[in-house]
Amino acid sequence: MTSSTEQQAEHLSATTLLRFATAGSVDDGKSTLVGRLLHDSKSVLADQLEAVEHASRSRGQEAPDLALLTDGLRAEREQGITIDVAYRYFATPRRRFILADTPGHVQYTRNMVTGASTAELTVILVDARNGVVEQTRRHAAIAALLRVPHVVLAVNKMDLVDYRESVFAAIAEEFTAYASELGVPEITAIPISALAGDNVVDPSATMDWYGGPTVLEHLETVPVSHDLATCHARFPVQYVIRPQTAEHPDYRGYAGQIAAGTFRVGESVTVLPSGRTSTIAGIDLLGEPVDVAWTPQSVTLLLEDDIDVSRGDLIVPSHDAPATSQDVEATVCHVADTPLTVGARVLLKHTTRTVKAIVKEIPSRLTLDDLSQHPAPGRLVANDIGRVRVRTAEPLALDSYADSRRTGSFLLIDPADGTTLAAGMAGESFATAEAAAVQDGEGDEGWDF
(Lines give C-alpha, C1' and ligand atoms only; values in the text may rest on other atoms or scores of the structure.)
Protein backbone atom coordinates (compact mmCIF):
# COMPACT_ATOMS: atom_id res chain seq x y z
CA MET A 1 0.00 0.00 0.00
CA THR A 2 2.80 2.40 0.92
CA SER A 3 4.55 2.16 -2.44
CA SER A 4 1.24 2.76 -4.23
CA THR A 5 0.60 5.85 -2.11
CA GLU A 6 4.09 7.19 -2.82
CA GLN A 7 3.58 6.66 -6.55
CA GLN A 8 0.28 8.53 -6.40
CA ALA A 9 1.94 11.41 -4.54
CA GLU A 10 4.76 11.59 -7.12
CA HIS A 11 2.25 11.58 -9.97
CA LEU A 12 0.20 14.30 -8.28
CA SER A 13 3.23 16.55 -7.77
CA ALA A 14 4.30 16.06 -11.39
CA THR A 15 0.92 17.06 -12.81
CA THR A 16 -0.24 19.77 -10.42
CA LEU A 17 -3.07 22.01 -11.49
CA LEU A 18 -2.99 25.75 -10.81
CA ARG A 19 -6.20 27.76 -10.96
CA PHE A 20 -5.53 31.45 -11.41
CA ALA A 21 -7.47 34.57 -12.30
CA THR A 22 -6.60 37.88 -13.92
CA ALA A 23 -7.99 41.22 -12.76
CA GLY A 24 -7.37 44.90 -13.34
CA SER A 25 -8.86 48.15 -14.52
CA VAL A 26 -10.41 48.63 -17.94
CA ASP A 27 -7.77 48.80 -20.71
CA ASP A 28 -4.96 47.61 -18.44
CA GLY A 29 -4.44 44.72 -20.87
CA LYS A 30 -5.78 41.66 -19.04
CA SER A 31 -7.08 39.91 -22.13
CA THR A 32 -3.95 40.84 -24.07
CA LEU A 33 -1.81 39.31 -21.32
CA VAL A 34 -3.83 36.10 -21.38
CA GLY A 35 -3.67 36.01 -25.17
CA ARG A 36 0.10 36.54 -25.10
CA LEU A 37 0.46 33.83 -22.46
CA LEU A 38 -1.48 31.36 -24.61
CA HIS A 39 0.26 32.40 -27.84
CA ASP A 40 3.85 32.39 -26.61
CA SER A 41 3.43 29.14 -24.65
CA LYS A 42 2.23 27.48 -27.89
CA SER A 43 -1.21 26.82 -26.40
CA VAL A 44 -3.20 28.26 -29.32
CA LEU A 45 -4.44 26.06 -32.14
CA ALA A 46 -3.72 27.17 -35.70
CA ASP A 47 -7.39 27.69 -36.57
CA GLN A 48 -7.91 29.79 -33.41
CA LEU A 49 -4.99 32.03 -34.32
CA GLU A 50 -6.25 32.30 -37.90
CA ALA A 51 -9.69 33.37 -36.65
CA VAL A 52 -8.12 36.05 -34.44
CA GLU A 53 -6.00 37.33 -37.30
CA HIS A 54 -9.07 37.51 -39.55
CA ALA A 55 -11.10 39.35 -36.89
CA SER A 56 -8.22 41.78 -36.31
CA ARG A 57 -7.91 42.56 -40.04
CA SER A 58 -11.64 43.19 -40.27
CA ARG A 59 -11.23 45.82 -37.53
CA GLY A 60 -8.40 47.51 -39.43
CA GLN A 61 -5.58 46.19 -37.26
CA GLU A 62 -2.35 45.09 -38.88
CA ALA A 63 -1.13 42.83 -36.06
CA PRO A 64 -3.38 40.15 -34.50
CA ASP A 65 -5.23 41.36 -31.40
CA LEU A 66 -4.41 38.60 -28.91
CA ALA A 67 -7.16 39.84 -26.55
CA LEU A 68 -9.67 38.25 -28.94
CA LEU A 69 -8.47 34.82 -27.79
CA THR A 70 -10.42 35.38 -24.56
CA ASP A 71 -12.96 38.12 -25.35
CA GLY A 72 -15.43 35.77 -27.01
CA LEU A 73 -18.76 37.61 -26.61
CA ARG A 74 -19.86 39.88 -29.44
CA ALA A 75 -20.43 42.77 -27.02
CA GLU A 76 -16.91 42.30 -25.66
CA ARG A 77 -15.38 42.46 -29.12
CA GLU A 78 -17.43 45.49 -30.14
CA GLN A 79 -16.61 47.48 -27.00
CA GLY A 80 -13.08 46.18 -26.57
CA ILE A 81 -13.76 45.20 -22.94
CA THR A 82 -14.24 42.02 -20.93
CA ILE A 83 -17.79 41.49 -19.64
CA ASP A 84 -18.07 37.87 -18.55
CA VAL A 85 -15.49 35.54 -17.01
CA ALA A 86 -13.61 33.70 -19.76
CA TYR A 87 -12.13 30.36 -18.69
CA ARG A 88 -9.23 28.85 -20.57
CA TYR A 89 -7.29 25.61 -20.06
CA PHE A 90 -3.67 25.19 -21.10
CA ALA A 91 -0.66 23.19 -20.04
CA THR A 92 3.12 23.27 -20.11
CA PRO A 93 5.49 20.36 -19.41
CA ARG A 94 5.73 21.56 -15.80
CA ARG A 95 2.10 22.25 -14.87
CA ARG A 96 -1.53 22.38 -15.97
CA PHE A 97 -3.54 25.60 -15.71
CA ILE A 98 -7.13 26.80 -15.58
CA LEU A 99 -7.28 30.56 -15.93
CA ALA A 100 -10.21 32.91 -15.47
CA ASP A 101 -10.02 36.25 -17.28
CA THR A 102 -12.31 38.45 -15.15
CA PRO A 103 -13.92 41.83 -16.01
CA GLY A 104 -12.50 45.13 -14.83
CA HIS A 105 -15.66 47.25 -14.62
CA VAL A 106 -17.13 48.06 -11.21
CA GLN A 107 -20.55 46.75 -12.29
CA TYR A 108 -19.02 43.33 -12.95
CA THR A 109 -17.59 42.89 -9.44
CA ARG A 110 -19.70 39.74 -8.98
CA ASN A 111 -18.08 38.24 -12.09
CA MET A 112 -14.62 38.77 -10.62
CA VAL A 113 -15.71 37.20 -7.34
CA THR A 114 -16.98 34.19 -9.28
CA GLY A 115 -13.75 33.81 -11.24
CA ALA A 116 -11.42 34.31 -8.27
CA SER A 117 -13.39 32.24 -5.76
CA THR A 118 -11.56 29.02 -6.68
CA ALA A 119 -8.27 30.65 -7.69
CA GLU A 120 -5.03 29.87 -5.90
CA LEU A 121 -3.36 32.86 -7.52
CA THR A 122 -4.60 36.19 -8.86
CA VAL A 123 -2.75 38.32 -11.40
CA ILE A 124 -3.65 41.98 -10.90
CA LEU A 125 -2.63 44.22 -13.78
CA VAL A 126 -1.65 47.86 -13.45
CA ASP A 127 -1.03 50.30 -16.30
CA ALA A 128 2.49 51.60 -15.73
CA ARG A 129 1.36 55.08 -16.87
CA ASN A 130 -1.47 55.28 -14.31
CA GLY A 131 -0.06 53.36 -11.36
CA VAL A 132 -2.24 52.05 -8.53
CA VAL A 133 -5.78 53.34 -9.07
CA GLU A 134 -9.09 52.87 -7.26
CA GLN A 135 -9.95 49.71 -9.20
CA THR A 136 -6.53 48.24 -8.37
CA ARG A 137 -7.24 48.65 -4.67
CA ARG A 138 -10.71 47.19 -5.16
CA HIS A 139 -9.32 44.05 -6.81
CA ALA A 140 -6.67 43.68 -4.11
CA ALA A 141 -9.45 43.87 -1.51
CA ILE A 142 -11.45 41.17 -3.30
CA ALA A 143 -8.38 38.93 -3.45
CA ALA A 144 -7.90 39.46 0.29
CA LEU A 145 -11.59 38.78 0.99
CA LEU A 146 -11.43 35.52 -0.96
CA ARG A 147 -8.20 34.54 0.82
CA VAL A 148 -6.33 34.00 -2.45
CA PRO A 149 -2.92 32.81 -1.19
CA HIS A 150 -0.78 34.26 -4.00
CA VAL A 151 -1.08 37.64 -5.75
CA VAL A 152 1.01 38.73 -8.73
CA LEU A 153 1.23 42.44 -9.51
CA ALA A 154 1.86 42.68 -13.26
CA VAL A 155 2.93 46.23 -14.09
CA ASN A 156 1.91 46.30 -17.74
CA LYS A 157 2.73 48.64 -20.66
CA MET A 158 6.29 49.19 -19.49
CA ASP A 159 7.12 49.92 -23.14
CA LEU A 160 5.07 53.13 -22.86
CA VAL A 161 7.20 54.44 -19.96
CA ASP A 162 10.53 53.61 -21.63
CA TYR A 163 11.00 50.52 -19.41
CA ARG A 164 12.07 52.72 -16.48
CA GLU A 165 12.88 50.79 -13.30
CA SER A 166 11.90 53.74 -11.08
CA VAL A 167 8.31 53.65 -12.39
CA PHE A 168 8.00 49.94 -11.67
CA ALA A 169 9.59 50.22 -8.22
CA ALA A 170 7.25 53.01 -7.10
CA ILE A 171 4.12 51.12 -8.21
CA ALA A 172 5.32 47.85 -6.67
CA GLU A 173 6.08 49.54 -3.33
CA GLU A 174 2.67 51.27 -3.14
CA PHE A 175 0.69 48.16 -4.05
CA THR A 176 2.65 45.84 -1.76
CA ALA A 177 2.10 48.13 1.22
CA TYR A 178 -1.66 48.31 0.57
CA ALA A 179 -2.16 44.59 -0.09
CA SER A 180 -0.08 43.62 2.93
CA GLU A 181 -2.33 45.71 5.18
CA LEU A 182 -5.30 43.71 3.86
CA GLY A 183 -3.60 40.46 4.85
CA VAL A 184 -2.52 39.18 1.42
CA PRO A 185 0.16 36.62 2.38
CA GLU A 186 2.37 36.70 -0.73
CA ILE A 187 2.84 39.41 -3.35
CA THR A 188 5.13 39.13 -6.38
CA ALA A 189 5.67 42.15 -8.66
CA ILE A 190 6.69 41.63 -12.31
CA PRO A 191 7.26 44.37 -14.95
CA ILE A 192 5.78 43.33 -18.32
CA SER A 193 4.61 44.44 -21.73
CA ALA A 194 1.81 42.12 -22.78
CA LEU A 195 1.69 43.68 -26.24
CA ALA A 196 5.40 43.21 -26.91
CA GLY A 197 5.73 40.01 -24.87
CA ASP A 198 8.32 41.30 -22.38
CA ASN A 199 8.54 39.08 -19.26
CA VAL A 200 5.31 37.22 -20.05
CA VAL A 201 6.76 33.93 -21.28
CA ASP A 202 10.25 35.00 -22.33
CA PRO A 203 12.58 37.31 -20.35
CA SER A 204 12.76 40.90 -21.54
CA ALA A 205 15.88 42.03 -23.37
CA THR A 206 15.04 45.67 -22.59
CA MET A 207 14.60 45.32 -18.80
CA ASP A 208 17.95 43.83 -17.79
CA TRP A 209 17.55 45.56 -14.40
CA TYR A 210 14.85 43.01 -13.50
CA GLY A 211 16.20 39.67 -12.32
CA GLY A 212 13.02 37.93 -11.25
CA PRO A 213 10.87 35.32 -13.01
CA THR A 214 8.61 35.89 -15.99
CA VAL A 215 4.87 35.52 -15.48
CA LEU A 216 4.85 31.96 -16.83
CA GLU A 217 7.92 30.96 -14.81
CA HIS A 218 6.21 32.16 -11.64
CA LEU A 219 2.97 30.37 -12.54
CA GLU A 220 4.92 27.16 -13.12
CA THR A 221 6.87 27.29 -9.86
CA VAL A 222 4.54 28.90 -7.30
CA PRO A 223 3.76 26.30 -4.60
CA VAL A 224 0.31 24.73 -4.89
CA SER A 225 -0.76 22.92 -1.74
CA HIS A 226 -2.94 20.09 -3.08
CA ASP A 227 -2.01 17.84 -0.18
CA LEU A 228 -3.38 20.26 2.43
CA ALA A 229 -2.12 17.90 5.13
CA THR A 230 -2.09 20.72 7.68
CA CYS A 231 -5.71 21.67 7.01
CA HIS A 232 -8.73 20.39 8.90
CA ALA A 233 -9.81 17.10 7.28
CA ARG A 234 -13.36 17.33 5.94
CA PHE A 235 -15.41 14.83 3.92
CA PRO A 236 -18.92 15.90 2.79
CA VAL A 237 -21.04 12.83 2.02
CA GLN A 238 -22.48 13.04 -1.47
CA TYR A 239 -23.96 9.58 -1.94
CA VAL A 240 -24.57 6.43 0.10
CA ILE A 241 -23.60 3.26 -1.77
CA ARG A 242 -25.63 0.14 -0.92
CA PRO A 243 -25.31 -2.36 -3.80
CA GLN A 244 -27.06 -5.19 -1.85
CA THR A 245 -25.81 -7.78 -4.33
CA ALA A 246 -24.76 -11.38 -3.76
CA GLU A 247 -21.13 -10.29 -4.08
CA HIS A 248 -21.52 -7.34 -1.67
CA PRO A 249 -24.52 -8.13 0.56
CA ASP A 250 -23.46 -5.92 3.48
CA TYR A 251 -21.48 -3.20 1.68
CA ARG A 252 -22.30 0.31 2.91
CA GLY A 253 -20.02 3.07 1.69
CA TYR A 254 -20.15 6.84 1.78
CA ALA A 255 -18.98 8.44 -1.45
CA GLY A 256 -17.82 12.00 -2.05
CA GLN A 257 -14.86 14.27 -2.66
CA ILE A 258 -12.50 15.06 0.18
CA ALA A 259 -12.86 18.81 0.70
CA ALA A 260 -9.68 19.22 2.75
CA GLY A 261 -7.05 17.28 4.63
CA THR A 262 -6.23 13.58 4.76
CA PHE A 263 -8.13 10.49 5.95
CA ARG A 264 -6.57 7.17 7.02
CA VAL A 265 -7.86 3.69 7.71
CA GLY A 266 -8.22 3.14 11.45
CA GLU A 267 -8.83 6.81 12.18
CA SER A 268 -11.60 7.74 14.63
CA VAL A 269 -14.18 9.99 12.96
CA THR A 270 -17.33 11.90 13.87
CA VAL A 271 -20.39 12.36 11.66
CA LEU A 272 -21.92 15.84 11.80
CA PRO A 273 -24.39 17.23 12.64
CA SER A 274 -25.54 14.09 14.52
CA GLY A 275 -22.27 13.76 16.46
CA ARG A 276 -22.15 9.97 16.11
CA THR A 277 -18.65 8.45 16.14
CA SER A 278 -17.03 5.50 14.41
CA THR A 279 -13.74 4.35 12.90
CA ILE A 280 -12.71 4.24 9.22
CA ALA A 281 -12.68 0.55 8.29
CA GLY A 282 -11.66 1.06 4.68
CA ILE A 283 -11.15 3.57 1.86
CA ASP A 284 -11.95 2.74 -1.78
CA LEU A 285 -10.27 4.81 -4.48
CA LEU A 286 -11.20 4.02 -8.09
CA GLY A 287 -12.42 0.61 -6.97
CA GLU A 288 -9.19 -0.25 -5.16
CA PRO A 289 -8.61 -0.22 -1.39
CA VAL A 290 -6.04 2.28 -0.08
CA ASP A 291 -4.74 3.12 3.38
CA VAL A 292 -4.81 6.90 2.99
CA ALA A 293 -6.60 9.47 0.81
CA TRP A 294 -6.36 13.26 0.56
CA THR A 295 -8.02 16.23 -1.10
CA PRO A 296 -9.17 16.58 -3.85
CA GLN A 297 -9.60 12.83 -4.38
CA SER A 298 -13.06 11.32 -4.78
CA VAL A 299 -13.32 8.23 -2.57
CA THR A 300 -15.70 5.97 -0.69
CA LEU A 301 -15.30 5.68 3.08
CA LEU A 302 -16.40 2.55 4.94
CA LEU A 303 -17.09 2.77 8.67
CA GLU A 304 -16.85 0.00 11.25
CA ASP A 305 -20.22 0.86 12.81
CA ASP A 306 -23.58 0.76 11.05
CA ILE A 307 -24.72 4.29 11.91
CA ASP A 308 -27.15 6.65 10.21
CA VAL A 309 -25.21 8.65 7.62
CA SER A 310 -26.82 10.36 4.63
CA ARG A 311 -26.12 12.93 1.92
CA GLY A 312 -25.18 16.29 3.40
CA ASP A 313 -23.52 14.85 6.49
CA LEU A 314 -19.90 15.81 7.18
CA ILE A 315 -17.34 13.20 8.26
CA VAL A 316 -14.45 14.70 10.25
CA PRO A 317 -11.66 13.44 12.55
CA SER A 318 -13.03 13.11 16.07
CA HIS A 319 -10.12 15.10 17.51
CA ASP A 320 -10.70 17.98 15.06
CA ALA A 321 -14.46 18.35 14.76
CA PRO A 322 -15.87 21.84 14.08
CA ALA A 323 -18.66 23.24 16.22
CA THR A 324 -22.18 23.07 14.79
CA SER A 325 -24.50 26.04 14.93
CA GLN A 326 -27.71 27.40 13.48
CA ASP A 327 -26.36 30.97 13.52
CA VAL A 328 -24.08 31.94 10.65
CA GLU A 329 -22.24 35.26 10.45
CA ALA A 330 -20.46 35.87 7.19
CA THR A 331 -19.38 38.21 4.43
CA VAL A 332 -21.40 37.76 1.24
CA CYS A 333 -21.12 39.02 -2.31
CA HIS A 334 -24.58 39.54 -3.76
CA VAL A 335 -24.65 38.17 -7.30
CA ALA A 336 -28.37 38.28 -8.21
CA ASP A 337 -30.35 41.15 -9.70
CA THR A 338 -33.00 40.64 -6.98
CA PRO A 339 -31.99 42.44 -3.76
CA LEU A 340 -31.26 40.51 -0.57
CA THR A 341 -33.30 41.94 2.31
CA VAL A 342 -33.60 41.41 6.05
CA GLY A 343 -36.20 38.72 6.74
CA ALA A 344 -35.70 37.02 3.37
CA ARG A 345 -36.35 33.28 3.39
CA VAL A 346 -33.58 31.49 1.55
CA LEU A 347 -31.89 28.15 1.14
CA LEU A 348 -28.31 27.85 2.37
CA LYS A 349 -26.12 25.35 0.49
CA HIS A 350 -22.98 24.27 2.32
CA THR A 351 -20.91 21.55 0.60
CA THR A 352 -23.49 18.81 -0.13
CA ARG A 353 -26.04 19.99 2.46
CA THR A 354 -28.92 22.39 1.74
CA VAL A 355 -31.11 23.79 4.55
CA LYS A 356 -33.78 26.45 4.99
CA ALA A 357 -32.64 29.76 6.43
CA ILE A 358 -33.70 33.32 7.25
CA VAL A 359 -31.61 36.47 6.79
CA LYS A 360 -31.82 37.86 10.32
CA GLU A 361 -29.67 40.95 9.89
CA ILE A 362 -27.50 42.83 7.39
CA PRO A 363 -25.19 44.73 9.77
CA SER A 364 -23.12 46.53 7.14
CA ARG A 365 -22.21 46.99 3.51
CA LEU A 366 -18.55 47.21 2.49
CA THR A 367 -17.29 49.92 0.17
CA LEU A 368 -14.26 48.48 -1.58
CA ASP A 369 -13.03 51.91 -2.70
CA ASP A 370 -11.92 52.86 0.82
CA LEU A 371 -12.91 49.72 2.81
CA SER A 372 -15.43 51.73 4.84
CA GLN A 373 -18.49 50.06 6.38
CA HIS A 374 -21.98 51.47 5.83
CA PRO A 375 -24.02 50.37 8.85
CA ALA A 376 -27.46 48.72 8.59
CA PRO A 377 -28.06 49.11 4.83
CA GLY A 378 -31.19 46.97 5.09
CA ARG A 379 -30.53 45.29 1.74
CA LEU A 380 -27.81 44.26 -0.66
CA VAL A 381 -28.10 44.68 -4.42
CA ALA A 382 -26.10 43.19 -7.29
CA ASN A 383 -22.32 43.51 -6.82
CA ASP A 384 -22.67 44.60 -3.16
CA ILE A 385 -20.44 43.01 -0.54
CA GLY A 386 -21.72 43.05 3.01
CA ARG A 387 -21.99 41.31 6.35
CA VAL A 388 -25.04 39.13 7.08
CA ARG A 389 -26.38 37.09 9.97
CA VAL A 390 -28.37 34.04 8.96
CA ARG A 391 -30.37 31.58 11.06
CA THR A 392 -30.66 28.06 9.65
CA ALA A 393 -33.35 25.45 10.25
CA GLU A 394 -30.76 22.76 11.04
CA PRO A 395 -27.28 22.89 12.57
CA LEU A 396 -24.37 23.33 10.17
CA ALA A 397 -20.68 22.54 10.64
CA LEU A 398 -19.05 25.55 8.99
CA ASP A 399 -15.37 26.25 9.31
CA SER A 400 -14.08 29.78 9.21
CA TYR A 401 -13.36 30.75 5.60
CA ALA A 402 -9.89 31.78 6.77
CA ASP A 403 -9.23 28.17 7.79
CA SER A 404 -10.86 26.42 4.83
CA ARG A 405 -12.11 28.00 1.62
CA ARG A 406 -14.02 24.83 0.76
CA THR A 407 -15.91 24.23 4.01
CA GLY A 408 -16.05 27.88 5.06
CA SER A 409 -18.02 28.97 2.00
CA PHE A 410 -21.69 28.64 1.13
CA LEU A 411 -24.40 29.86 -1.25
CA LEU A 412 -27.69 31.59 -0.51
CA ILE A 413 -30.35 30.39 -2.95
CA ASP A 414 -33.84 31.64 -3.83
CA PRO A 415 -36.17 28.78 -2.79
CA ALA A 416 -38.73 29.83 -5.41
CA ASP A 417 -36.66 29.29 -8.55
CA GLY A 418 -33.23 28.03 -7.43
CA THR A 419 -31.41 31.24 -8.40
CA THR A 420 -28.13 31.86 -6.60
CA LEU A 421 -28.52 35.06 -4.58
CA ALA A 422 -25.18 35.43 -2.81
CA ALA A 423 -21.84 33.73 -2.22
CA GLY A 424 -20.86 33.66 1.43
CA MET A 425 -17.62 33.40 3.40
CA ALA A 426 -18.05 32.47 7.07
CA GLY A 427 -16.13 34.34 9.74
CA GLU A 428 -14.22 37.60 9.57
CA SER A 429 -13.85 39.59 6.34
CA PHE A 430 -10.12 40.22 6.19
CA ALA A 431 -7.18 38.45 7.76
CA THR A 432 -6.39 41.62 9.73
CA ALA A 433 -9.93 42.13 11.02
CA GLU A 434 -10.47 42.02 14.76
CA ALA A 435 -12.89 39.50 16.20
CA ALA A 436 -16.39 40.94 16.12
CA ALA A 437 -18.85 40.43 18.97
CA VAL A 438 -21.62 38.01 18.07
CA GLN A 439 -25.04 39.50 18.54
CA ASP A 440 -28.23 37.47 18.79
CA GLY A 441 -30.92 38.33 16.27
CA GLU A 442 -34.56 38.82 17.12
CA GLY A 443 -37.30 36.46 16.07
CA ASP A 444 -39.05 36.69 12.69
CA GLU A 445 -42.46 35.65 11.66
CA GLY A 446 -42.67 32.54 9.49
CA TRP A 447 -39.59 30.30 9.55
CA ASP A 448 -38.89 30.78 13.27
CA PHE A 449 -36.22 28.28 14.31
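The structure under discussion appears in the preceding block.
Residues numbered from 1 in each chain as written. Predicted model: local features only at pLDDT ≥ 70, side-chain atom pairs only at ≥ 80, totals over all residues. Heavy atoms only, no water.

Caption draft 1: Structural view of helix H2 (residues 30–40). Among the 11 residues of H2, 10 are classified as buried, and the element is accordingly described as predominantly covered. For H2, the full list of buried residues reads Lys30, Ser31, Thr32, Leu33, Val34, Gly35, Arg36, Leu37, Leu38 and Asp40. The secondary structure elements touched by the buried residues of H2 are strand S1 (17–24), strand S2 (86–91), strand S3 (96–101), strand S4 (121–127) and helix H8 (215–221). A positive phi of about 60 degrees marks Lys42, the residue just after H2. (Buried < 20%, exposed > 50% of the residue type's maximum accessible area, 1.4 Å probe, protein only. Helix = DSSP H or I, 4+ residues; strand = E, 2+ residues; numbered from the N terminus. Contact = heavy atoms within 4.5 Å.)

Caption draft 2: A look at the packing of helix H6 (residues 134–145) against helix H7 (residues 165–182). Running from N to C, H6 and H7 point in directions that differ by 35 degrees, and their axes come no closer than 9 Å. Along this stretch, H6 crosses H7, giving a crossing that reads as right-handed. Residues Thr136, Arg137, Ala140, Ala141 and Ala144 of H6 lie in contact with H7, whose contacting residues are Glu174, Phe175, Tyr178 and Leu182. Of the residues that constitute the contact of H6 with H7, the class distribution is 6 nonpolar, 1 polar and 2 charged. (Axes fitted to C-alpha atoms, helices over the stretch in contact; angles between N-to-C directions. Left-handed = near helix turned anticlockwise from the far one by under 90°. Nonpolar A, V, L, I, M, F, W, Y, C, P; charged D, E, K, R; others polar.)

Caption draft 3: Seen up close, the side chain of Thr214. Positionally, Thr214 belongs in the loop between strand S6 (187–191) and H8. Not counting the four nearest positions on each side in its chain, Thr214 is found in contact with Ile190, Asn199, Val200, Val201, Asp202 and Pro203.

Caption draft 4: Molecular detail of the pattern of salt bridges. Using the criterion set out here, one finds 15 salt bridges in the structure. As a salt-bridge pair, Glu220 and Arg94 come within 3.8 Å of each other at their nearest N and O atoms. Taken together, the residues span a long stretch of sequence, with Glu220 in helix H8 and Arg94 in the loop between S2 and S3 at a distance of 126 residues. Using a relative accessible area of 13% as the deciding quantity, one classes Glu220 as buried. Through salt bridges with shared partners, one network takes in Glu329, Glu361, Arg387 and Arg389. (Salt bridge = Lys/Arg side-chain N within 4 Å of Asp/Glu carboxyl O.)

Any link to function would need more than the numbers given here.
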